[in-house]
Amino acid sequence: MNVLRVGADALLVEVSSGEEAEALHAELSRRRAQGTLAAREIVPGARTVLLDGLADPVRLSSELAAAEVPPAPPRAGHVVEIPVRYDGPDLADVAGHWGVAESEVAHIHAGTEFRVAFCGFAPGFGYLTGLPARYDVPRRDTPRTAVPAGSVALAGPYTGVYPRSSPGGWQLIGGTDAVLWDHTRVPAALLSPGTRVRFVPVGRQGLP
Amino acid sequence: MTHRALTVVRAGALTTVQDLGRPGHAHLGVPRSGALDAPAAALVNRLVGNPPGSAVLETTLTGCALRAWCAVTVAVGGAPCPVTVDGRPAPWGAAVGVPAGALLDVGAADSGVRSYVAVSGGVLVEPVLGSRSTDLLSGLGPPPLADGTVLPLGRPRVPHARVDVAPQPAPPAELVLRVAPGPRADWFTPAAMRALTSSVYRVSSASNRIGLRMDGPALERARPGELPSEGTVLGAVQVPTDGRPVVFLADHPTTGGYPVIGVVRTADLPAAAQAVPGTPVRFVTAGGR
(Lines give C-alpha, C1' and ligand atoms only; values in the text may rest on other atoms or scores of the structure.)
Protein backbone atom coordinates (compact mmCIF):
# COMPACT_ATOMS: atom_id res chain seq x y z
CA MET A 1 0.00 0.00 0.00
CA ASN A 2 1.24 3.46 -0.90
CA VAL A 3 0.67 5.88 1.99
CA LEU A 4 0.61 9.63 1.25
CA ARG A 5 0.65 12.37 3.88
CA VAL A 6 -2.24 14.83 3.63
CA GLY A 7 -1.53 17.90 5.73
CA ALA A 8 -0.95 17.59 9.46
CA ASP A 9 -3.35 14.87 10.53
CA ALA A 10 -4.54 12.87 7.52
CA LEU A 11 -3.26 10.03 5.34
CA LEU A 12 -4.30 8.88 1.89
CA VAL A 13 -3.75 5.16 1.43
CA GLU A 14 -3.49 4.17 -2.20
CA VAL A 15 -4.18 0.63 -3.38
CA SER A 16 -4.35 -0.88 -6.84
CA SER A 17 -8.04 -1.56 -7.38
CA GLY A 18 -11.54 -0.68 -6.27
CA GLU A 19 -11.87 -4.11 -4.64
CA GLU A 20 -8.74 -3.46 -2.56
CA ALA A 21 -10.04 -0.04 -1.53
CA GLU A 22 -13.33 -1.61 -0.41
CA ALA A 23 -11.49 -4.29 1.56
CA LEU A 24 -9.19 -1.75 3.19
CA HIS A 25 -12.09 0.52 4.07
CA ALA A 26 -13.96 -2.41 5.65
CA GLU A 27 -10.90 -3.41 7.68
CA LEU A 28 -10.12 0.14 8.87
CA SER A 29 -13.77 0.68 9.81
CA ARG A 30 -13.71 -2.59 11.75
CA ARG A 31 -10.59 -1.47 13.61
CA ARG A 32 -12.17 1.86 14.48
CA ALA A 33 -15.31 0.12 15.77
CA GLN A 34 -13.06 -2.12 17.87
CA GLY A 35 -11.29 0.89 19.33
CA THR A 36 -7.85 0.07 17.89
CA LEU A 37 -7.87 2.95 15.38
CA ALA A 38 -8.80 6.55 16.22
CA ALA A 39 -9.86 8.53 13.14
CA ARG A 40 -12.52 11.20 12.69
CA GLU A 41 -13.17 10.23 9.07
CA ILE A 42 -12.52 7.07 7.06
CA VAL A 43 -13.43 7.95 3.48
CA PRO A 44 -13.11 5.41 0.70
CA GLY A 45 -12.45 6.58 -2.84
CA ALA A 46 -12.14 4.78 -6.16
CA ARG A 47 -8.58 3.51 -5.43
CA THR A 48 -7.89 5.04 -2.03
CA VAL A 49 -8.96 5.32 1.58
CA LEU A 50 -8.56 8.68 3.33
CA LEU A 51 -7.99 8.72 7.08
CA ASP A 52 -8.59 12.16 8.57
CA GLY A 53 -8.34 13.48 12.12
CA LEU A 54 -5.53 11.14 13.18
CA ALA A 55 -3.69 11.56 16.49
CA ASP A 56 -0.43 10.04 15.25
CA PRO A 57 -0.32 9.95 11.43
CA VAL A 58 3.44 9.29 11.34
CA ARG A 59 3.22 6.05 13.28
CA LEU A 60 0.11 4.87 11.43
CA SER A 61 1.74 5.75 8.11
CA SER A 62 4.70 3.45 8.69
CA GLU A 63 2.43 0.74 10.05
CA LEU A 64 0.17 0.84 6.98
CA ALA A 65 3.07 1.08 4.52
CA ALA A 66 4.43 -2.20 5.89
CA ALA A 67 1.03 -3.94 5.90
CA GLU A 68 -0.58 -6.11 3.25
CA VAL A 69 -3.93 -5.16 1.76
CA PRO A 70 -6.47 -7.08 3.86
CA PRO A 71 -8.52 -9.81 2.18
CA ALA A 72 -11.92 -8.80 0.82
CA PRO A 73 -14.65 -9.13 3.44
CA PRO A 74 -17.25 -11.83 2.79
CA ARG A 75 -20.39 -10.73 0.97
CA ALA A 76 -22.41 -10.54 4.14
CA GLY A 77 -25.25 -8.28 5.22
CA HIS A 78 -28.64 -7.79 3.69
CA VAL A 79 -29.14 -6.63 0.13
CA VAL A 80 -30.89 -3.30 -0.37
CA GLU A 81 -33.43 -3.65 -3.17
CA ILE A 82 -34.14 -0.56 -5.24
CA PRO A 83 -37.22 -0.68 -7.48
CA VAL A 84 -36.48 0.85 -10.89
CA ARG A 85 -38.52 1.88 -13.91
CA TYR A 86 -36.05 1.29 -16.73
CA ASP A 87 -37.32 4.14 -18.89
CA GLY A 88 -34.50 6.70 -18.74
CA PRO A 89 -33.86 9.08 -21.67
CA ASP A 90 -30.39 7.60 -22.29
CA LEU A 91 -31.49 3.96 -22.40
CA ALA A 92 -31.01 3.77 -26.18
CA ASP A 93 -27.54 5.36 -25.99
CA VAL A 94 -26.50 2.92 -23.27
CA ALA A 95 -27.85 0.00 -25.29
CA GLY A 96 -25.74 1.30 -28.19
CA HIS A 97 -22.58 1.45 -26.06
CA TRP A 98 -23.26 -2.03 -24.75
CA GLY A 99 -24.15 -3.43 -28.17
CA VAL A 100 -27.42 -4.91 -26.94
CA ALA A 101 -31.12 -4.34 -27.53
CA GLU A 102 -32.70 -1.60 -25.41
CA SER A 103 -34.79 -4.14 -23.53
CA GLU A 104 -31.62 -6.05 -22.60
CA VAL A 105 -30.21 -3.11 -20.59
CA ALA A 106 -32.73 -3.62 -17.78
CA HIS A 107 -32.11 -7.36 -17.87
CA ILE A 108 -28.35 -6.99 -17.53
CA HIS A 109 -28.50 -4.19 -14.97
CA ALA A 110 -31.13 -5.83 -12.77
CA GLY A 111 -29.30 -9.16 -13.02
CA THR A 112 -26.18 -7.70 -11.39
CA GLU A 113 -25.37 -7.51 -7.70
CA PHE A 114 -23.81 -4.14 -6.90
CA ARG A 115 -21.84 -2.87 -3.97
CA VAL A 116 -21.37 0.74 -2.85
CA ALA A 117 -17.68 1.43 -3.46
CA PHE A 118 -17.71 4.95 -2.07
CA CYS A 119 -19.93 8.01 -1.67
CA GLY A 120 -19.57 11.65 -2.69
CA PHE A 121 -21.03 14.34 -4.94
CA ALA A 122 -24.07 14.71 -2.63
CA PRO A 123 -25.18 13.24 0.70
CA GLY A 124 -26.40 9.71 -0.01
CA PHE A 125 -24.93 9.46 -3.52
CA GLY A 126 -23.14 6.13 -3.80
CA TYR A 127 -20.79 4.99 -6.55
CA LEU A 128 -21.92 1.41 -7.16
CA THR A 129 -19.72 -1.19 -8.79
CA GLY A 130 -20.59 -4.64 -10.07
CA LEU A 131 -21.05 -4.41 -13.83
CA PRO A 132 -18.28 -6.06 -15.87
CA ALA A 133 -15.78 -3.63 -17.43
CA ARG A 134 -17.23 -4.18 -20.93
CA TYR A 135 -20.31 -2.23 -19.78
CA ASP A 136 -18.39 0.96 -18.91
CA VAL A 137 -20.02 3.99 -20.54
CA PRO A 138 -18.72 7.56 -21.01
CA ARG A 139 -20.36 10.57 -19.42
CA ARG A 140 -22.62 12.60 -21.66
CA ASP A 141 -20.80 15.22 -23.74
CA THR A 142 -23.07 17.93 -22.37
CA PRO A 143 -24.19 17.54 -18.75
CA ARG A 144 -27.86 18.14 -18.01
CA THR A 145 -28.60 21.22 -15.93
CA ALA A 146 -31.21 19.29 -13.93
CA VAL A 147 -31.28 15.54 -13.44
CA PRO A 148 -34.49 14.50 -11.62
CA ALA A 149 -34.23 13.06 -8.11
CA GLY A 150 -34.33 9.26 -8.17
CA SER A 151 -32.64 8.99 -11.58
CA VAL A 152 -30.68 5.76 -11.96
CA ALA A 153 -27.60 6.56 -13.98
CA LEU A 154 -24.35 5.15 -15.36
CA ALA A 155 -20.89 6.68 -15.85
CA GLY A 156 -17.60 4.88 -16.31
CA PRO A 157 -17.75 1.68 -14.26
CA TYR A 158 -20.33 3.13 -11.86
CA THR A 159 -24.05 3.11 -11.29
CA GLY A 160 -25.52 5.89 -9.15
CA VAL A 161 -28.91 7.12 -8.00
CA TYR A 162 -29.41 10.88 -7.72
CA PRO A 163 -30.68 11.59 -4.17
CA ARG A 164 -32.08 14.95 -5.25
CA SER A 165 -32.40 16.98 -8.41
CA SER A 166 -29.02 18.35 -9.46
CA PRO A 167 -26.94 19.02 -12.55
CA GLY A 168 -25.30 15.86 -13.88
CA GLY A 169 -23.55 14.27 -16.81
CA TRP A 170 -24.34 10.60 -16.19
CA GLN A 171 -26.36 8.43 -18.60
CA LEU A 172 -29.91 8.07 -17.27
CA ILE A 173 -31.35 4.58 -17.66
CA GLY A 174 -34.28 4.76 -15.25
CA GLY A 175 -35.88 6.14 -12.13
CA THR A 176 -36.80 5.03 -8.65
CA ASP A 177 -39.15 6.20 -5.89
CA ALA A 178 -36.71 4.92 -3.26
CA VAL A 179 -35.61 7.70 -0.89
CA LEU A 180 -31.83 7.72 -0.99
CA TRP A 181 -31.40 10.36 1.68
CA ASP A 182 -33.69 11.42 4.51
CA HIS A 183 -32.02 13.24 7.35
CA THR A 184 -34.95 12.47 9.68
CA ARG A 185 -34.39 8.73 9.12
CA VAL A 186 -31.81 6.60 10.95
CA PRO A 187 -29.64 5.96 9.07
CA ALA A 188 -30.18 8.97 6.82
CA ALA A 189 -28.39 7.35 3.88
CA LEU A 190 -29.97 4.30 2.21
CA LEU A 191 -26.55 3.48 0.74
CA SER A 192 -23.21 3.64 2.54
CA PRO A 193 -19.83 2.19 1.54
CA GLY A 194 -19.99 -1.62 1.42
CA THR A 195 -23.79 -1.84 1.10
CA ARG A 196 -24.97 -4.60 -1.28
CA VAL A 197 -27.58 -3.44 -3.78
CA ARG A 198 -29.91 -4.98 -6.34
CA PHE A 199 -32.11 -3.07 -8.75
CA VAL A 200 -35.55 -4.59 -9.19
CA PRO A 201 -37.47 -3.71 -12.36
CA VAL A 202 -40.99 -2.43 -11.88
CA GLY A 203 -43.71 -1.22 -14.25
CA ARG A 204 -44.16 -1.84 -17.94
CA GLN A 205 -40.43 -1.71 -18.64
CA GLY A 206 -39.85 -4.66 -16.31
CA LEU A 207 -38.03 -7.84 -17.10
CA PRO A 208 -39.57 -9.62 -20.04
CA MET B 1 -43.95 37.57 25.33
CA THR B 2 -42.69 34.27 26.66
CA HIS B 3 -41.25 32.93 23.43
CA ARG B 4 -37.50 32.99 23.11
CA ALA B 5 -36.91 33.86 19.47
CA LEU B 6 -35.60 36.41 17.00
CA THR B 7 -37.17 37.70 13.81
CA VAL B 8 -34.84 38.44 10.92
CA VAL B 9 -35.59 42.00 9.77
CA ARG B 10 -32.69 42.27 7.31
CA ALA B 11 -31.03 39.01 6.26
CA GLY B 12 -28.09 40.69 4.50
CA ALA B 13 -26.22 39.27 1.51
CA LEU B 14 -25.76 35.82 3.06
CA THR B 15 -26.36 35.02 6.71
CA THR B 16 -26.33 31.40 7.85
CA VAL B 17 -26.65 29.48 11.10
CA GLN B 18 -23.34 27.84 12.05
CA ASP B 19 -21.95 25.73 14.87
CA LEU B 20 -19.09 23.25 14.98
CA GLY B 21 -20.42 21.45 11.91
CA ARG B 22 -21.05 17.76 11.30
CA PRO B 23 -17.67 16.02 10.95
CA GLY B 24 -17.67 12.23 10.86
CA HIS B 25 -20.04 11.72 7.92
CA ALA B 26 -17.69 12.37 5.00
CA HIS B 27 -17.94 8.70 3.93
CA LEU B 28 -21.62 9.39 3.15
CA GLY B 29 -20.79 12.45 1.06
CA VAL B 30 -21.67 14.88 3.87
CA PRO B 31 -19.38 17.94 4.13
CA ARG B 32 -18.20 18.97 7.60
CA SER B 33 -19.60 22.54 7.38
CA GLY B 34 -19.50 24.74 10.51
CA ALA B 35 -18.36 28.33 11.19
CA LEU B 36 -15.51 29.31 8.84
CA ASP B 37 -13.87 31.54 11.48
CA ALA B 38 -14.31 29.02 14.29
CA PRO B 39 -12.28 30.95 16.91
CA ALA B 40 -14.50 34.02 16.36
CA ALA B 41 -17.65 31.90 16.74
CA ALA B 42 -16.28 30.33 19.92
CA LEU B 43 -15.39 33.74 21.33
CA VAL B 44 -18.82 35.34 20.82
CA ASN B 45 -20.39 32.28 22.40
CA ARG B 46 -18.12 32.73 25.40
CA LEU B 47 -19.04 36.40 25.66
CA VAL B 48 -22.73 35.56 26.07
CA GLY B 49 -22.11 32.52 28.30
CA ASN B 50 -22.95 29.86 25.71
CA PRO B 51 -21.11 26.54 25.37
CA PRO B 52 -18.65 26.63 22.44
CA GLY B 53 -20.87 24.43 20.26
CA SER B 54 -23.93 26.71 20.39
CA ALA B 55 -25.25 27.82 17.03
CA VAL B 56 -24.46 31.42 16.03
CA LEU B 57 -25.12 33.52 12.94
CA GLU B 58 -22.43 34.00 10.30
CA THR B 59 -22.92 37.10 8.16
CA THR B 60 -21.21 37.93 4.86
CA LEU B 61 -19.93 41.48 4.26
CA THR B 62 -23.26 43.27 4.77
CA GLY B 63 -24.34 42.15 8.27
CA CYS B 64 -27.97 41.58 9.26
CA ALA B 65 -30.67 42.97 11.56
CA LEU B 66 -32.70 41.03 14.11
CA ARG B 67 -35.63 41.87 16.36
CA ALA B 68 -35.61 40.18 19.76
CA TRP B 69 -38.87 38.71 21.07
CA CYS B 70 -37.44 38.67 24.58
CA ALA B 71 -34.53 40.25 26.43
CA VAL B 72 -31.30 38.62 25.26
CA THR B 73 -27.58 39.08 25.60
CA VAL B 74 -25.76 39.19 22.28
CA ALA B 75 -22.17 39.53 21.15
CA VAL B 76 -20.84 40.37 17.67
CA GLY B 77 -17.32 39.37 16.66
CA GLY B 78 -15.25 38.19 13.72
CA ALA B 79 -15.24 40.91 11.06
CA PRO B 80 -15.37 44.31 12.81
CA CYS B 81 -18.58 46.22 12.10
CA PRO B 82 -20.87 48.85 13.61
CA VAL B 83 -23.43 47.46 16.06
CA THR B 84 -26.58 49.29 17.14
CA VAL B 85 -29.53 48.48 19.39
CA ASP B 86 -32.64 50.48 18.44
CA GLY B 87 -30.32 52.85 16.59
CA ARG B 88 -27.99 53.50 19.53
CA PRO B 89 -24.34 52.48 19.09
CA ALA B 90 -23.34 49.36 21.02
CA PRO B 91 -19.90 47.77 21.36
CA TRP B 92 -18.53 45.20 18.91
CA GLY B 93 -16.65 42.27 20.49
CA ALA B 94 -18.49 42.57 23.80
CA ALA B 95 -21.63 41.33 25.52
CA VAL B 96 -24.58 43.64 24.80
CA GLY B 97 -28.03 43.58 26.38
CA VAL B 98 -30.92 43.75 23.90
CA PRO B 99 -34.33 44.44 25.50
CA ALA B 100 -37.45 42.60 24.39
CA GLY B 101 -38.78 44.12 21.17
CA ALA B 102 -35.54 45.95 20.36
CA LEU B 103 -33.77 45.86 17.00
CA LEU B 104 -30.18 44.66 16.85
CA ASP B 105 -28.42 45.88 13.72
CA VAL B 106 -25.15 44.29 12.72
CA GLY B 107 -23.69 46.63 10.13
CA ALA B 108 -21.56 46.04 7.07
CA ALA B 109 -18.05 44.81 7.83
CA ASP B 110 -15.49 47.62 8.17
CA SER B 111 -12.85 45.02 7.30
CA GLY B 112 -12.94 41.26 6.92
CA VAL B 113 -15.84 39.25 5.52
CA ARG B 114 -17.76 37.36 8.20
CA SER B 115 -19.17 38.70 11.44
CA TYR B 116 -20.52 36.29 14.05
CA VAL B 117 -23.57 36.98 16.19
CA ALA B 118 -24.06 34.91 19.34
CA VAL B 119 -27.31 35.14 21.29
CA SER B 120 -27.67 33.92 24.86
CA GLY B 121 -29.17 30.42 24.74
CA GLY B 122 -27.97 29.85 21.18
CA VAL B 123 -29.96 29.57 17.94
CA LEU B 124 -32.09 26.46 18.35
CA VAL B 125 -33.09 25.48 14.80
CA GLU B 126 -33.58 21.76 14.16
CA PRO B 127 -30.25 19.91 14.01
CA VAL B 128 -29.37 17.66 11.05
CA LEU B 129 -26.89 14.85 11.83
CA GLY B 130 -26.08 16.54 15.12
CA SER B 131 -25.41 20.01 13.71
CA ARG B 132 -27.44 23.18 13.06
CA SER B 133 -24.98 24.42 10.43
CA THR B 134 -26.11 25.48 6.98
CA ASP B 135 -24.13 23.57 4.38
CA LEU B 136 -24.21 25.51 1.13
CA LEU B 137 -22.72 22.70 -0.97
CA SER B 138 -25.21 19.97 -0.14
CA GLY B 139 -28.13 21.97 1.23
CA LEU B 140 -28.17 20.30 4.65
CA GLY B 141 -29.24 22.32 7.66
CA PRO B 142 -31.45 25.41 7.69
CA PRO B 143 -31.59 27.53 4.53
CA PRO B 144 -29.75 30.87 4.61
CA LEU B 145 -31.72 33.49 6.55
CA ALA B 146 -34.42 35.41 4.70
CA ASP B 147 -36.24 38.55 5.80
CA GLY B 148 -38.99 37.39 8.16
CA THR B 149 -37.28 34.16 9.23
CA VAL B 150 -38.01 33.37 12.89
CA LEU B 151 -35.11 31.84 14.79
CA PRO B 152 -35.99 29.99 18.02
CA LEU B 153 -33.54 30.44 20.90
CA GLY B 154 -32.45 28.08 23.66
CA ARG B 155 -32.56 28.81 27.38
CA PRO B 156 -29.55 30.83 28.49
CA ARG B 157 -27.13 29.46 31.02
CA VAL B 158 -27.03 31.62 34.10
CA PRO B 159 -25.01 33.42 35.11
CA HIS B 160 -23.33 34.15 31.81
CA ALA B 161 -19.57 34.45 31.64
CA ARG B 162 -18.25 37.73 32.95
CA VAL B 163 -16.01 38.51 30.04
CA ASP B 164 -16.82 42.01 28.88
CA VAL B 165 -14.47 42.54 25.96
CA ALA B 166 -12.08 40.13 24.30
CA PRO B 167 -9.25 40.81 21.85
CA GLN B 168 -9.68 39.43 18.34
CA PRO B 169 -7.23 39.28 15.46
CA ALA B 170 -7.72 41.90 12.76
CA PRO B 171 -8.70 40.59 9.31
CA PRO B 172 -5.58 40.06 7.24
CA ALA B 173 -4.16 42.75 4.95
CA GLU B 174 -2.06 39.96 3.45
CA LEU B 175 -2.93 36.31 3.87
CA VAL B 176 -0.02 33.95 4.54
CA LEU B 177 -1.00 30.29 4.20
CA ARG B 178 1.40 27.59 5.36
CA VAL B 179 1.03 24.65 3.01
CA ALA B 180 2.31 21.08 3.33
CA PRO B 181 2.99 19.67 -0.17
CA GLY B 182 1.01 16.60 -1.23
CA PRO B 183 -0.75 14.27 -1.57
CA ARG B 184 -0.61 14.89 -5.36
CA ALA B 185 2.26 17.36 -5.70
CA ASP B 186 3.81 14.90 -8.18
CA TRP B 187 0.99 15.66 -10.62
CA PHE B 188 2.53 19.11 -11.10
CA THR B 189 5.78 20.30 -12.63
CA PRO B 190 8.56 21.47 -10.27
CA ALA B 191 7.93 24.94 -11.73
CA ALA B 192 4.32 24.76 -10.53
CA MET B 193 5.33 24.22 -6.90
CA ARG B 194 7.78 27.14 -7.21
CA ALA B 195 5.04 29.27 -8.75
CA LEU B 196 2.67 28.42 -5.92
CA THR B 197 5.14 29.41 -3.22
CA SER B 198 6.75 32.41 -4.92
CA SER B 199 3.82 34.15 -6.63
CA VAL B 200 1.40 36.56 -5.06
CA TYR B 201 -2.13 35.33 -5.56
CA ARG B 202 -5.22 37.32 -4.79
CA VAL B 203 -8.48 36.17 -3.24
CA SER B 204 -11.03 35.87 -6.04
CA SER B 205 -14.51 37.31 -5.71
CA ALA B 206 -15.80 33.84 -6.68
CA SER B 207 -14.75 32.56 -3.23
CA ASN B 208 -17.42 31.16 -0.93
CA ARG B 209 -17.90 28.78 2.01
CA ILE B 210 -16.83 25.88 -0.22
CA GLY B 211 -13.48 27.29 -1.20
CA LEU B 212 -11.20 30.30 -1.28
CA ARG B 213 -10.51 30.76 -4.99
CA MET B 214 -7.31 32.34 -6.20
CA ASP B 215 -6.57 34.78 -9.00
CA GLY B 216 -2.98 34.42 -10.14
CA PRO B 217 -0.64 32.22 -12.15
CA ALA B 218 -2.02 28.88 -13.34
CA LEU B 219 -0.12 25.85 -12.01
CA GLU B 220 1.31 23.61 -14.69
CA ARG B 221 0.50 19.93 -14.58
CA ALA B 222 3.12 17.23 -15.10
CA ARG B 223 0.39 14.79 -16.10
CA PRO B 224 -3.01 15.40 -17.65
CA GLY B 225 -6.40 14.03 -16.78
CA GLU B 226 -8.23 13.43 -13.55
CA LEU B 227 -7.57 11.14 -10.62
CA PRO B 228 -10.01 8.42 -9.72
CA SER B 229 -12.19 10.15 -7.08
CA GLU B 230 -10.49 10.32 -3.69
CA GLY B 231 -11.31 11.75 -0.29
CA THR B 232 -10.44 15.39 0.37
CA VAL B 233 -9.70 17.38 3.54
CA LEU B 234 -10.27 20.85 4.93
CA GLY B 235 -7.51 23.16 3.70
CA ALA B 236 -6.74 21.07 0.61
CA VAL B 237 -5.33 23.17 -2.23
CA GLN B 238 -7.12 21.64 -5.17
CA VAL B 239 -6.18 22.62 -8.70
CA PRO B 240 -8.98 22.34 -11.26
CA THR B 241 -8.43 22.34 -15.02
CA ASP B 242 -7.88 26.11 -15.24
CA GLY B 243 -4.77 25.67 -13.04
CA ARG B 244 -5.80 28.22 -10.41
CA PRO B 245 -5.68 26.86 -6.87
CA VAL B 246 -8.74 26.62 -4.63
CA VAL B 247 -8.32 26.28 -0.85
CA PHE B 248 -11.07 24.06 0.53
CA LEU B 249 -13.15 25.60 3.33
CA ALA B 250 -15.78 24.00 5.57
CA ASP B 251 -18.43 23.21 2.91
CA HIS B 252 -15.91 21.50 0.60
CA PRO B 253 -16.90 18.35 -1.32
CA THR B 254 -15.90 15.10 0.42
CA THR B 255 -14.38 13.49 -2.66
CA GLY B 256 -12.89 14.88 -5.84
CA GLY B 257 -10.87 14.06 -8.92
CA TYR B 258 -8.74 17.18 -9.32
CA PRO B 259 -5.25 16.81 -7.85
CA VAL B 260 -4.44 18.39 -4.49
CA ILE B 261 -0.98 20.01 -4.61
CA GLY B 262 -0.82 20.72 -0.89
CA VAL B 263 -2.79 21.21 2.31
CA VAL B 264 -3.04 24.48 4.25
CA ARG B 265 -2.69 24.29 8.01
CA THR B 266 -6.04 24.38 9.76
CA ALA B 267 -4.81 27.17 12.03
CA ASP B 268 -4.45 29.47 9.00
CA LEU B 269 -8.01 28.98 7.76
CA PRO B 270 -9.87 31.39 10.10
CA ALA B 271 -7.83 34.25 8.61
CA ALA B 272 -8.60 32.89 5.14
CA ALA B 273 -12.31 33.13 5.96
CA GLN B 274 -11.86 36.86 6.67
CA ALA B 275 -9.82 37.73 3.57
CA VAL B 276 -11.84 40.02 1.29
CA PRO B 277 -11.64 39.59 -2.49
CA GLY B 278 -8.41 41.15 -3.75
CA THR B 279 -6.43 40.36 -0.59
CA PRO B 280 -2.89 39.27 -1.54
CA VAL B 281 -2.13 35.65 -0.64
CA ARG B 282 1.27 34.05 -0.18
CA PHE B 283 1.67 30.30 0.15
CA VAL B 284 4.71 29.25 2.18
CA THR B 285 5.95 25.69 2.39
CA ALA B 286 5.63 24.08 5.79
CA GLY B 287 6.08 20.51 6.93
CA GLY B 288 3.19 18.23 7.62
CA ARG B 289 3.21 18.97 11.33
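Residues numbered from 1 in each chain as written. Chains lettered and ligands numbered in written order. Predicted model: local features only at pLDDT ≥ 70, side-chain atom pairs only at ≥ 80, totals over all residues.

Comments concerning the overall build of chain A
Piece 1. Each helix and strand counted, chain A has four helices and 13 strands in total.
Piece 2. Computed over C-alpha atoms, the radius of gyration of chain A comes to 18 Å, within 12% of the 17 Å expected from 2.2 N^0.38 for 208 residues, which places it in the range of a compact globule.
Piece 3. For chain A, buried positions account for 41% of its 208 residues.
Piece 4. When contacts within chain A are restricted to residue pairs at least 6 apart in sequence, long-range pairs at least 24 apart make up 62% of them. (Helix = DSSP H or I, 4+ residues; strand = E, 2+ residues; numbered from the N terminus. Rg over C-alpha atoms; globule rule 2.2 N^0.38 Å. Buried ≥ 20, exposed ≤ 12 C-beta atoms within 10 Å, placed from the backbone. Contact = placed C-beta atoms within 7 Å.)

A short note on the interface of chain B and chain A
Reports often express the size of an interface as the amount of accessible area lost when the parts come together.
Piece 1. Contact residues are listed per partner, giving 27 residues for chain B and 31 residues for chain A.
Piece 2. Across the side of chain B that touches chain A, the residue classes break down as 13 nonpolar, eleven polar and three charged. (Nonpolar A, V, L, I, M, F, W, Y, C, P; charged D, E, K, R; others polar.)

Thoughts on the sheet that holds strand 2 (residues 16-18) of chain B
Residue and element names in this part refer to chain B.
Piece 1. Across the sheet, which stays open at both edges, the five strands sit in the order 2-3-10-5-8 with antiparallel pairing between neighbours. Since the sheet does not close on itself, it has two edges, and those belong to strand 2 and strand 8 (95-98), each with one partner. Here the strands of the sheet are splayed against their neighbours by 30° on average, with no regard to which way each runs.
Piece 2. As paired elements, strand 2 and strand 3 (residues 56-58) share three bridges and run antiparallel to each other. The partner of Thr 16 across the bridge, within strand 3, is Glu 58. (Pairing = 2+ DSSP bridges. Axes fitted to C-alpha atoms, helices over the stretch in contact; angles between N-to-C directions.)

Quick word on the domain arrangement of chain A
Residues and elements named next belong to chain A.
Piece 1. On domain assignment, one finds that chain A holds domain 1 (2-65) and domain 2 (79-201).
Piece 2. Relative to domain 2, the C-alpha centre of domain 1 lies at a distance of 27 Å.
Piece 3. Facing the seven residues of domain 1 at the interface are six residues of domain 2.
Piece 4. Top contributing element to the side of domain 1 that touches domain 2 by residue count: helix 1 (residues 18-34), with four residues. (Domains from an automatic or database assignment.)

A closer look at the packing of helix 3 (residues 91-98) of chain A against helix 4 (residues 102-110) of chain A
What describes two packed helices is the angle between their axes and the distance between those same axes.
Residue and element names in this part refer to chain A.
Piece 1. Relative to each other, helix 3 and helix 4 sit at 80°, their axes nearing to 8 Å. By the angle between their axes, helix 3 is roughly perpendicular relative to helix 4. Only Glu 102, Glu 104 and Val 105 of helix 4 make contact with helix 3, whose side of the interface consists of Leu 91, Ala 92, Val 94, Ala 95 and Trp 98.
Piece 2. Partitioning the contact of helix 3 with helix 4 into residue classes produces six nonpolar, no polar and two charged. (Parallel < 35°, antiparallel > 145°, perpendicular 65-115°, else oblique.)

Digging into helix 4 of chain A
All names here are of chain A.
Piece 1. Taken together, the buried positions of helix 4 are occupied by Val 105, Ala 106 and His 109. Angularly, the buried residues of helix 4 cover 90° about the axis, an arc narrow enough to put them on a single face.
Piece 2. Where helix 4 is buried, its residues touch helix 3, strand 12 (171-175) and strand 13 (196-201). (Arc of directions from axis to C-beta.)

Looking at the domain arrangement of chain B
All names here are of chain B.
Piece 1. Examined at the domain level, chain B breaks down into domain 1 (5-152) and domain 2 (175-285).
Piece 2. The straight-line distance from the C-alpha centre of domain 1 to that of domain 2 is 28 Å.
Piece 3. With 21 residues of domain 1 in contact, the opposing surface of domain 2 contributes 15 residues.
Piece 4. Here the side of domain 1 that touches domain 2 is built from residues that sort into eleven nonpolar, six polar and four charged.

Let's talk about the sheet that holds strand 12 (residues 175-181) of chain B
Residues and elements named next belong to chain B.
Piece 1. Read once around its circumference, the closed barrel built from seven strands follows the order 12-19-16-17-14-13-20, with strand pairing classed as mixed. Between one strand and the next, the sheet's axes are offset by a mean angle of 40°, whatever the strand orientation.
Piece 2. With three bridges connecting them, strand 12 and strand 19 (residues 260-264) associate as antiparallel partners. By the bridge assignment, Val 179 is partnered in strand 19 with Val 264.
Piece 3. Sitting on the sheet, helix 2 (residues 190-198) is in contact with strand 12, strand 19 and strand 20 (280-285), with an inclination near 125° to strand 20.

Comments concerning the environment of Ala185(B)
Residues and elements named next belong to chain B.
Piece 1. Counting through the fold element by element, Ala 185 comes out in the loop between strand 12 and helix 2.
Piece 2. Residue Ala 185 is classed as buried on the basis of its C-beta count, with 20 C-beta atoms lying within 10 Å.
Piece 3. Sequence separation between Ala 185 and Ala 222 is 37 residues, and the spatial gap between their C-alpha atoms is 9.4 Å.
Piece 4. Look past the residues within four positions of Ala 185 in its chain and what remains in contact with it is Met 193, Ile 261 and Gly 262.

Quick notes on the pairing of strand 1 (residues 2-6) of chain A
Residues and elements named next belong to chain A.
Piece 1. As defined by bridge partners, strand 1 adjoins strand 2 (residues 10-14) across five bridges and the pair is classed as antiparallel. Residue pairing for strand 2: Asn 2 is matched across the bridge by Glu 14.
Piece 2. Connecting the antiparallel pair strand 1 and strand 2 is a turn made up of three residues, with Gly 7 showing a positive phi of about 65°.

Let's talk about the nonpolar core
Piece 1. Leu51(A), Val44(B), Val56(B), Val74(B), Val117(B) and Ala118(B) are the most contacted members of the largest nonpolar core, which has 137 residues in total.
Piece 2. Broken down by element, the residue count for this core peaks at seven residues, all from helix 1 (residues 38-47) of chain B.
Piece 3. The residues touching Val117(B), leaving out its near neighbours within four places in the chain, are Val44(B), Val56(B), Leu57(B), Thr59(B), Val74(B), Val76(B) and Val106(B). (Core = buried A, V, L, I, M, F, W, Y, C linked by C-beta atoms within 7 Å.)

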